[in-house]
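Geometric and topological summary
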Amino acid sequence: MKHASLRAGFGIAAAIFVFFLCLANPANAQRHQQPTPTGPWMNASLSPDERADLVLKEMTLDEKIALLHGVGMPTEDPVTPENAPSNRGVGYAVGVPRLGIPGIDMSDAAYGVRSSGVNGRYSTALPANVAAAASWDTDAAYDYGALIGRELRAQGFNMSLGGGVNITRDPRNGRTFEYLGEDPILAGTLVARLIEGTQSANVIGDIKHYALNDQESGRNSVDITISKRAARESDLLAFEIGVLQGHPAAVMCSYNRVNGDFACENKYLLTDVLKKSWKFPGFVLSDWGGTHSTEKASAAGLDNEQPGHFFYSDRYKAAVEAGNIPTSELEEHVHRILRSMFAAGVIDHPRQRSVVDPFAGFETARKIEEGGIVLLKNEKAALPLSAAKLRTIAVIGSHSDVGMISGGGSAQVDPIGGNAIKQAGQGSTHWQEEIWFPTSPLKAIQARAPRATVKYDPGTDPAAAAALAKTADVAIVFAYQWASEGMDLKSLSLAHNQHDVIAQVAAANTHTIVVLETGNPVTMPWVNAPAAILEAWFAGSDGANAVGNVLFGTVNPSGKLPNTFPKSEADLPHPTLTLPPPESAHFSGPVSIEQREAGLPPFPVAYDEGVKVGYKWYDAEKKAVLFPFGFGLSYTSYKYSGLQVTPGEKVKVTFTLANTGAREGSEIAEVYAALPAVAQEPPKRLVGFTKVKLNPGEKRAVSVEVDLKYLSIFDEQKDDWSLVPGDYTILVGGSSQDLPLKASINLK
Ligand code: BGC
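Residues numbered from 1 in each chain as written. Predicted model: local features only at pLDDT ≥ 70, side-chain atom pairs only at ≥ 80, totals over all residues. Heavy atoms only, no water.

**With respect to the overall build of the protein**
Secondary structure summary: the protein contains 21 helices and 29 strands in total. For the protein, the C-alpha radius of gyration of 26 Å lies close to 27 Å, the compact-globule estimate for 748 residues. With the C-alpha coordinates of the protein rotated into their principal frame, the extents come out at 75 × 70 × 55 Å. When each of the 748 residues of the protein is scored for burial, the buried share is 62%. In the protein, 75% of the contacts between residues at least 6 apart in sequence involve partners at least 24 apart. Surface exposure of the protein reaches about 27,000 Å², of which carbon and sulfur atoms provide 53%. Here the protein contributes 67 positive and 81 negative side-chain charges, whose respective centroids are spaced 6 Å apart. (Helix = DSSP H or I, 4+ residues; strand = E, 2+ residues; numbered from the N terminus. Rg over C-alpha atoms; globule rule 2.2 N^0.38 Å. Buried < 20%, exposed > 50% of the residue type's maximum accessible area, 1.4 Å probe, protein only. Contact = heavy atoms within 4.5 Å. Areas by Shrake-Rupley, 256 points an atom, 1.4 Å probe, with all protein chains shown as cover. Lys, Arg positive; Asp, Glu negative; His and termini not counted. Charge placed at Lys NZ, Arg CZ, Asp CG, Glu CD.)

**Considering the state of the cysteines**
Within this structure, the stated rule accounts for one disulfide. Sulfur-sulfur distance for the disulfide between Cys253 and Cys264 comes to 2.1 Å. For the disulfide bridge between Cys253 and Cys264, the dihedral angle about the S-S bond is near 110 degrees, and by the sign convention the bridge is right-handed. Here the residue Cys253 occupies a position in strand E6 (residues 250-253), and Cys264 occupies one in the loop between strand E8 (261-262) and helix H10 (267-277), the gap between them amounting to 11 residues. A single burial state applies to Cys253 and to Cys264, both of which are buried. (Disulfide = S-S within 2.5 Å.)

**Remarks on the sheet that holds strand E16 (residues 512-518)**
Pairing in this open sheet of six strands is mixed, and the strands run E10-E17-E16-E15-E11-E14 from one edge to the other. Edge positions in the sheet fall to strand E10 (374-378) and strand E14 (453-457), since each of these pairs with one other strand and no more. Between one strand and the next, the sheet's axes are offset by a mean angle of 15 degrees, whatever the strand orientation. Strand direction decides the pairing type here: strand E11 (residues 392-396) and strand E15 (residues 474-481), joined by four bridges, are parallel. Within the sheet, the bridge partner assigned to Val395 lies in E15 and is Ile476. Against the sheet, helix H15 (residues 441-448) engages E11, E14 and E15, with an angle of about 165 degrees to E14. (Pairing = 2+ DSSP bridges. Axes fitted to C-alpha atoms, helices over the stretch in contact; angles between N-to-C directions.)

**Looking at the site of the ligand**
Taken together, 14 residues lie near the ligand, and Asp108, Arg175, His209, Asp287 and Glu485 sit nearest. Within the side chain of Tyr255, a nitrogen or oxygen atom sits 3.0 Å from an oxygen atom of the ligand. Separating an oxygen atom of the ligand from a side-chain N or O atom of Glu485 is a distance of 2.7 Å. Its free accessible area being 310 Å², the ligand has 95% of it covered by the protein chains. Among the residues forming the shell around the ligand, the class breakdown is five nonpolar, two polar and seven charged. (Near = heavy atom within 4 Å. Polar contact = N/O pair within 3.5 Å; in protein donor to acceptor, adjacent residues only side chain to side chain. Nonpolar A, V, L, I, M, F, W, Y, C, P; charged D, E, K, R; others polar.)

**Here we look at unusual backbone geometry**
The linkage connecting Lys208 with the following residue, His209, adopts the cis geometry, with an omega of -10 degrees. Omega for the peptide link from Gln306 to Pro307 comes to -5 degrees, which places this bond in the cis form. Its identity is not glycine, yet Gln432 carries a phi of approximately 55 degrees, on the positive side. Locating Gln432 in the fold gives a position in the loop between strand E12 (404-405) and strand E13 (436-437).

**Considerations on the side chain of Asn556**
Tracing the backbone shows Asn556 in the loop between helix H18 (543-551) and strand E18 (565-566). Within the structure, Asn556 has its side chain in polar contact with the side chain of Ser634 (distance 3.2 Å). Reaching out from Asn556, the side chain makes a polar contact with the backbone oxygen of Glu664 at a distance of 2.9 Å. Those residues within four positions of Asn556 in sequence are excluded, and the remaining contacts are Ser634, Tyr635, Thr636, Arg663, Glu664 and Gly665.

**What about the sheet that holds strand E4 (residues 206-210)?**
Taken together, three strands build an open sheet; the order of strands is E4-E6-E9 and the sheet is parallel. Strands with a single pairing partner mark the edges of an open sheet, and in this sheet they are E4 and strand E9 (283-286). Adjacent strand axes in the sheet meet at a mean angle of 25 degrees, parallel and antiparallel pairs treated alike. Here E4 runs beside E6; their pairing, made up of three bridges, is parallel. Note on E6: the bridge partner recorded for Tyr210 is Cys253.

**Side note on the environment of Leu180**
Following the sequence through the fold, Leu180 ends up in the loop between strand E3 (159-160) and helix H7 (184-199). Between the C-alpha atom of Leu180 and that of Gly242, which follows or precedes it by 62 residues, the distance is 12 Å.

**A closer look at the confidence of the model for the protein**
Looking at the protein, pLDDT values average 94 and 95% of them are 70 or higher. Note on residues 1-32: pLDDT is under 50 here. Beyond four places in sequence and across chains, it has 30 contacts. (pLDDT = per-residue confidence, 0-100.)

**Overview of the pairing of strand E17 (residues 532-535)**
Side chains Ala532 and Leu534 of E17 all project onto a buried face; the interleaved residues Ile533 and Glu535 project onto the opposite face, where all are buried too. As judged from the four bridges shared by E10 and E17, these two strands associate in the antiparallel manner. Looking at the pairing, Val374 lines up with Glu535 of E17.

**Some thoughts on the environment of Gly103**
Assignment of secondary structure puts Gly103 in the loop between strand E1 (91-93) and strand E2 (104-107). Given a relative accessible area of 5%, Gly103 falls into the buried group. On a C-alpha basis, the gap between Gly103 and Phe157 in space is 9.8 Å, while along the polypeptide they are 54 residues apart. Residues within four places of Gly103 in sequence aside, it is in contact with Tyr92, Ala93, Val94, Gly95 and Asn158.

**As for the nonpolar core**
Within soluble globular proteins, side chains that are nonpolar generally end up buried alongside one another. Of all hydrophobic cores here, the largest spans 92 residues; its most connected members are Ile101, Ile204 and Tyr210. Considering each element in turn, this core owes the most residues, seven residues, to helix H13 (residues 327-344). Beyond its immediate stretch of four places on either side in the chain, Tyr210 contacts Leu236, Phe239, Val251, Met252, Cys253, Ser254, Ala263, Leu269, Leu270, Val273, Leu274 and Trp278. By size, the runner-up hydrophobic cluster in this structure holds 62 residues, among which are Phe157, Val374, Val514 and Trp526. (Core = buried A, V, L, I, M, F, W, Y, C linked by side-chain atoms within 4.5 Å.)

**Some remarks on the packing of aromatic side chains**
Using the criterion set out here, one finds 14 aromatic pairs in the structure. Ring geometry for Trp136 against Phe629: centres 5.4 Å apart, planes inclined by 50 degrees, an arrangement best described as tilted. Placement of Trp136 in the loop between helix H5 (129-135) and helix H6 (138-154) and of Phe629 in the loop between strand E20 (625-627) and strand E21 (638-646) is noted, with a sequence separation of 493 residues between them. Phe629 matches Trp136 in its accessibility class, with the two residues each being buried. (Phe/Tyr/Trp six-rings, centres within 6.5 Å; stacked < 30°, edge-to-face > 60°.)

Next up, the structure:
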């Protein structure tokens, strides 16, 4: 009741606030005026392609060109006539006002809508994308995208710049938290659902960064070399599934070069694979500043330059007029943009501002986090905690008195009230700053153990932390590893003195629980010390309640690792990350168009591990890992039995799953395949999965259908997927290294 009236109160207050915001700033009122589209293209019974062509017929050359580029970054640039109607996000394309075609108003939206604070708005921070991946839950992925879509729309945007699906080829990548793990089938399946969710709100969805942008160091200059087969079976497969199943209206090409050409002027990537092989009907926009040419990029398949217009404005027009770019090519780009606007519904359902419901956001964020937390270790059933048995609790480290860490860069969502570790009024977010969300683990723990004395130690001095731990019934150490776009981690070990804190606290108290707040895998020289370890990732707006619910057993953990946690960097395919030489790191001073055209000098990184990404590498190289891909414990136990595999259009894998413990739980059942030896593939690959909820003692028949493509190799000669005839082994279980069921089938 109290909740409901609070909610209503907030809604009214926020609506009044928005109303006055509009009154106070005439530019706002202008922004909300959306042209009313009229004309034959408003006949909704026509296809998006037919409607686009009807608009195209009416457009002048200048109008066509205007749709091919951005008009700067409204977040940073002064207001101009071109960007004035924008919502002050990171990108804007002006549309065709004369014909009532709205502008494309873009916001970053990896784990929530970016830059809302500066606009006096509120956005939910979902847990990091990698946490959603750890849930292996396709419905959760949809809810994740749908919340982003709703909040984008509520804030006046009609395009998302989310949908990051670069696979975790190097776990030090600073954007690992923005992506969906190391496996292309898991990541691709989840990103497709996320995109569907976003587009359900009549917002243009995006998938990025296409492609092979797997390290941040030197991302604008690096030249990735990889074979077609390895690329198609690894990084590109995640995009292929995302594009074919999620139908994003847009694809963002990446900064890096691939086999010699920048991704945003790479004919193989943009035309041969994306537009021809996958028949992608939407448009390609460049990552911010990732366009390097006019004719070359246009012919290669880049449809839209962002955020500015160095190459796709006057130069483009001149090239068309000189006959260097055929009109048909120009019109294809325009057609793709318009048809995507019709397909996503941004013309039929114009954006309308409304008030974001923070309560709904908190609930969705909390549920997704609860499904994505991974229990990595739980000796002697140290978890869940029993409030009745605890008199004293020590909470240690990572500002866990006030907040939880979030991922940085263009993904950064503004926390309500600013950075939780700063004074009120000083907490605005800045590029590459550690931002703590005001969700307090200390308070969440105290609320669940009201009779216990809960004491906090900041964890700055290991000895002091250990002294507090010694006096407590349980010590809960929060440890974090911040990460951001624009940087890679130097190593996978926890920063500062956190290793020492954990080691000394665990030595002082046998009932020590470690809660990790990281986006990347971490190494754990201290792994044997604590009784329990939880990976909570970057936990989002209501992260502390999710962690509290798992710690105290209101929620049974069910997440599993979407990335392998290696024992050491020495075990990685590239033990040392290749850094750019100084001249390739960044431009110094103002950048001329000629410099943009040439780009920073390339430096090579060979992805010579090829398809052996993540667990495929460790399996093939027979390297032991700290925690394997697909691993995660529960407060109950499961038993797998009765595997049957039936070939067909799809291979049908059925088995029985039983909850053999005393608590309800959700188990992620994983299906792997070992291909015939002649295929020369790594020992096994994930080919399917499902998350099943079971009551204590319940037994259920489970069935997973496996697409034949997932059992195939990419044949470079045929330039297509090909099933290698022979014996396939299907393996089923609860982790990539715990696969109790095994069956063989012969496929032709
Ligand atoms: C990032 C993109 C982002 C864009 C706009 C780039 O630096 O790589 O992911 O969407 O900026 O902020």
